[in-house]
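Coordinate analysis (summary)
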Amino acid sequence: MNRLARASSPYLQQHAENPVDWYPWGEEALQRAKAENRPILLSIGYSACHWCHVMAHESFEDPEIAREMNARYVNIKVDREERPDLDRIYQNAHMLLARRPGGWPLTVILTPDQVPFFAGTYFPREPRHGLPAFMDVLRRVADFLAEHPDEIAAQNASLQEAMARIYAPAGGAIPGPEAIDRAAAELAGTFDDKHAGFGRAPKFPHPATLEWLAWQSARHRDARAAEMLQRTLAAMAAGGIFDQVGGGFCRYSVDDFWMIPHFEKMLYDNGPLLGLYARQAGRGDARSRQVVEQTVGWLAREMADPGGAFYSSLDADSEGEEGRFYVWTPEEVQALLAPQEWEFASRVWGLDGPPNFEGRWHLYERRSPESVAASLGLAADPGEALLQSARERLLRAREQRVAPHRDEKILTSWNALMISGLIQAGESLDRPEWVDRAEAAMRAVRDLLWRDGRLYASFRAGADTPMPRAYLDDHALLLAASLDLLRARWSLEWLEWARTLAGILLRDFLDAGEGGFYFTAADHENLIQRPKVHADDAMASGNGVAAQALLQLGYLLVEPRFIDAAEGALGNGGPLASEAPLAHMSLLQAADMHRDPPPLVILRGPEAVARRWQRAVLERNGLAWVYRLPAEATGLPQALAGKCGHPTAADRVVAYLCRGTSCAPPEYSLEQLLEAL
């Protein structure tokens with residue numbers, strides 16, 4: 001075994017028996033590279049990555065290739081989920097060096113001082129698909145560095161200058177309504193009117209974009225935004241990207257019509273998608289309710305850590321084949337179902353048609369349950385009951401199969417996303433036990449990953465390597481989740497937690513001079529760059545999320561420093577968002593929020609009555625920030641202590657309505673409060 005056997009990352013552990021002399025990222029490897037003047041071969045991936053596994057089997061398990069790697073390189077393996085800072089830096093380097101987007105596995109060759117001079121992604125063992133053999137790459141790149149050190153040094157200097165420009169935006173004006181209008185127009189231009197979603201295959205959910213559509217439709221009564229959101233959510237729910245049997249969404253679809261996914265399931269997608277579907281379900285959408293219930297079922301069944309937090313991901317492969325756990329044959333399914341269930345489900349899920357995945361059937365809604373029910377002379381409810389019983393039978397059978405590998409890291413940022421999604425689901429569908437689970441997860445994350453006044457990014461039981469320091473995304477998303485929890489269940493415990501996280505954001509991540517937040521803390525290890533990221537990727541950007549959360553907390557507690565920090569982030573990233581709005585949806589949402597803050601409503605009074613008021617307010621304005629504080633609550637911060645309960649009737653509610661920095665007199669009538677909204 002090499003040095004990865006006791007790593008905290010399951011992905012690194014998967015390479016522990018490679019003949020490659022792997023190091024984790026750290027001083028031992030970096031010092032060896034400098035001492036021996038050796039180039040560094042940096043390989044970045046994650047445990048659920050299909051092509052990472054392919055390259056490992058083809059190359060990293062090959063003794064001949066391993067000998068070449070060990071003889072000429074210091075080899076470092078990185079889990080991008082534990083070290084998103086390294087991944088961001090070297091993905092951008094790949095884009096600059098290769099002139100195209102990167103991905104995983106990411107293969108980068110660095111000089112001993114960590115500066116990249118060659119980058120690629122997957123390389124095969126033998127030349128194919130226009131890609132060179134990995135052995136040839138290893139030899140030619142090492143030879144070129146040895147023979148042309150001056151050229152590499154000049155290239156590295158230029159690369160560092162280019163990366164510094166990327167990570168140090170000049171800043172300017174906060175995006176205004178014209179940027180919002182441009183975003184709406186550009187997004188509509190990329191909408192797939194036939195299959196829904198945006199662009200062509202591969203199709204990703206892009207939760208930050210869907211969140212912006214939800215905001216845009218509610219804030220500006222944008223019917224086109226509402227239509228694009230509803231159609232995309234409906235298409236994904238009917239497609240194979242959604243696990244029709246067990247619930248949960250896969251990472252992306254390989255086709256235009258959402259039918260065949262890349263089968264890995266990631267916590268970071270499912271948290272925001274759960275919230276989006278929950279809000280649709282709360283407005284009466286039955287399909288969205290089914291998605292929410294199945295996804296929460298998947299979360300509890302397959303992703304829950306015994307301590308209350310959630311694991312990271314499920315692999316795409318099982319028994320050496322991608323998708324094997326999820327696919328069926330008609331004969332298998334027919335043998336498991338009652339005749340009437342088979343008659344109905346086979347038509348819905350396409351089992352009466354040709355195979356759609358490598359000679360087998362991956363389930364998706366080839367026909368809608370409503371149309372199949374009509375063709376069989378059934379009402380919709382009996383048809384759905386047949387489909388539900390078929391799901392349950394198939395799920396019981398599938399649980400007997402060899403399951404995909406589960407990455408049991410507990411990641412702070414990804415847990416925060418799921419905590420927010422669960423809270424929205426519990427509140428929208430009146431399922432307090434889901435909010436219980438979200439609160440338990442928040443407490444578990446704090447217990448595991450908050451130590452000695454410092455937040456950490458990743459934990460895995462049994463690991464004996466240091467936990468990585470938390471990043472901007474961890475603090476921002478956990479702050480946002482804390483505010484979601486406070487709106488569902490007021491608690492001084494979670495208020496203080498939110499204030500602590502916000503304070504760390506300002507102390508350790510804020511660029512006080514230029515505005516915006518760095519991705520790494522001030523005392524983080526020195527890397528070749530200190531990234532400042534405003535663009536969304538698979539997750540909303542830390543700057544966008546931080547700006548939204550700090551605005552809400554700043555108005556709630558009347559703390560100008562939080563509002564000022566949010567304004568700084570919006571100004572620093574403003575020109576980037578105005579120039580490329582589709583890449584900065586979370587920042588644009590924060591800018592719209594800053595320009596015209598949602599109404600903030602503080603309710604003081606008995607829980608049952610205050611909850612009824614809260615629901616009524618949110619039915620009138622779903623974007624409002626509504627907090628229920630018990631009438632007898634004590635220990636409140638100054639901004640809230642003055643918002644007292646009813647002066648004469650303890651069984652009545654008093655409402656305080658604020659917009660930005662302006663607050664109205666207390667309101668004692670729900671009808672008048674709703675009218676004021």
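Reference entry: report on the structure contained in this document. Small disclaimer: the values here were computed from a predicted structure and weren't measured. Numbers given to residues run from 1 along each chain, matching the order in which its sequence is written. Since the coordinates come from a predicted model, pLDDT governs what is reported: local features require at least 70, and pairs of side-chain atoms require 80 or more to be given and counted, while whole-chain, interface and lining totals use all residues. The basis for every side-chain value is the complete set of heavy atoms in the structure, and neither hydrogens nor water enter the calculation.

Turning our attention to the pattern of salt bridges. Salt bridge criterion: a side-chain nitrogen from Lys or Arg within 4 Å of a carboxyl oxygen from Asp or Glu. Tallied over the entire structure, the rule returns 61 salt bridges. R289 is paired through a salt bridge with E293; the nearest N and O atoms lie 4.0 Å apart. Of the two residues, R289 and E293 both sit in helix α12 (residues 286-302), 4 residues apart, roughly one turn of that helix. For every residue, the accessible area obtained with a 1.4 Å probe (protein chains only) is divided by the maximum for its type, and the residue is called buried under 20%, exposed over 50%, and partly exposed between those limits. Exposure remark for R289: the relative accessible area of 35% places this residue in the partly exposed category. D511 serves as the salt-bridge partner of K532, at 2.7 Å between the closest nitrogen and oxygen. In this pair, K532 is assigned in the loop between α20 (492-509) and α21 (542-557) and D511 in the loop between α20 and α21, connecting sequence segments 21 residues apart. Exposure class is identical for K532 and D511. Each is buried. Numbering of helices and strands runs from the N terminus, with a helix taken as a DSSP run of H or I at least four residues long and a strand as a DSSP run of E at least two residues long.

Next up on the list: the state of the cysteines. Any pair of cysteine sulfurs within 2.5 Å is marked as a disulfide. Inspection of the entire model under this criterion finds 2 disulfides. Across the disulfide, C49 is cross-linked to C52 (sulfur-sulfur distance 2.3 Å). What sets the handedness of the C49 and C52 disulfide is the S-S torsion sign, and at about 80 degrees it is right-handed. Like C49, the residue C52 is buried in the burial classification. A disulfide bridge connects C658 with C663, and the sulfur atoms are separated by 2.0 Å. When the S-S torsion is 105 degrees, as for the bridge of C658 with C663, the disulfide is right-handed. Judged by relative accessible area, C658 falls into the buried class, the value being 2%. Distance from the sulfur of C644, which forms no disulfide, to the nearest cysteine sulfur (C658) is 14 Å. According to the relative accessible area criterion, C644 is partly exposed, its value standing at 41%.

The next thing to look at is the environment of S482. Along the chain, S482 turns up in helix α19 (residues 472-488). For S482, the residues in contact, after removing those within four places along its chain, are M442, W494, W497, A498 and L501. Contact criterion: two residues are considered in contact whenever any of their non-hydrogen atoms come within 4.5 Å of each other.

Moving on, we get to helix α6 (residues 134-147). Take the residue count of a helix, subtract one, and multiply by 1.5 Å to get its expected span. The first and last C-alpha atoms of α6 sit 20 Å apart over 14 residues, in line with the 20 Å expected at 1.5 Å per residue. The inward-facing, buried residues of α6 contact β2 (40-45), α3 (50-60), α4 (63-72), β4 (106-110), β5 (116-120) and α7 (149-166).

Taking 1.5 Å of rise per residue, the 14 residues of helix α24 (residues 607-620) would be expected to cover 20 Å, and the 20 Å separating its terminal C-alpha atoms lies within 8% of that figure. Buried within α24 we find A610, R611, W613, Q614, A616 and V617. The inward-facing, buried residues of α24 abut α17 (412-428), α19, β16 (599-604), β17 (625-629), β18 (654-659) and α26 (670-676).

This part covers the side chain of E302. Here E302 lies in helix α12. For the purposes of these results, a polar contact is taken to be a pair of N or O atoms within 3.5 Å, where, inside protein, one atom must be able to donate a hydrogen and its partner to accept one; residues adjacent in sequence count only when each atom of the pair is a side-chain atom. Among the polar contacts made by the side chain of E302, one reaches the side chain of R301 at a distance of 3.0 Å.

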